[in-house]
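# Architecture at a glance
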Amino acid sequence: MNAPENHRSARRTAEDVAEAGRFFRYMADYVGFTAADAGIIRRTRPIIAKYLPEIVSEFYTHLLRYPLTRKLFLRPDGTIDELPEPAHAPPALLHPGSADPKCA
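Here goes a summary of the coordinates provided. For clarity, every value in this text was computed on a predicted model and none was experimentally measured. (Residues numbered from 1 in each chain as written. Predicted model: local features only at pLDDT ≥ 70, side-chain atom pairs only at ≥ 80, totals over all residues. Heavy atoms only, no water.)

### Re the overall build of the protein chain
Helix and strand counts for the protein chain come out as six helices and zero strands. Put simply, the protein chain runs from its N terminus to its C terminus through helices and strands in the order α-α-α-α-α-α. The long-range fraction of contacts in the protein chain, counting pairs at least 24 apart against all pairs at least 6 apart in sequence, stands at 51%. (Helix = DSSP H or I, 4+ residues; strand = E, 2+ residues; numbered from the N terminus. Contact = heavy atoms within 4.5 Å.)

### Focus on the side chain of T69
Within the fold, T69 resides in helix 5 (residues 67-73). For T69, a relative accessible area of 18% gives the class buried. Excluding anything up to four places from it in sequence, T69 contacts L63 and L64. (Buried < 20%, exposed > 50% of the residue type's maximum accessible area, 1.4 Å probe, protein only.)

### Remarks on a nonpolar patch on the surface
Taken together, the side chains of F23, F24, Y26, Y30 and V31 make up a nonpolar region of the molecular surface, amounting to roughly 600 Å² of accessible area. Looking at the element boundaries, Y30 is found in helix 1 (residues 3-31). (Patch = residues over 30% accessible without salt bridge, like charges linked within 9 Å, V, L, I, M, F, W, Y side chains within 5 Å. Areas by Shrake-Rupley, 256 points an atom, 1.4 Å probe, with all protein chains shown as cover. Salt bridge = Lys/Arg side-chain N within 4 Å of Asp/Glu carboxyl O.)

See below:
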């Protein structure tokens, strides 16, 4: 009986990840993120990857300092409503072969 509920939940997660991807592409365009920037991330992957949990933790700590982002990310029970797992790292870190700077 729970299969349809789980299926809908999984579909929402996939949609959330797709939306996060669109947002990151938009933000990359907004800040002028280039193919050269993506290349730097790919080349420094071995260094950055091991620090990623700390970077993500500091990112959310910073977001929670501000009322608007705290409202968006902090659940009523005090836990953090994090971005979907694949969104924690730029795709260039997860998929180092990606050549599209908008996917980094």
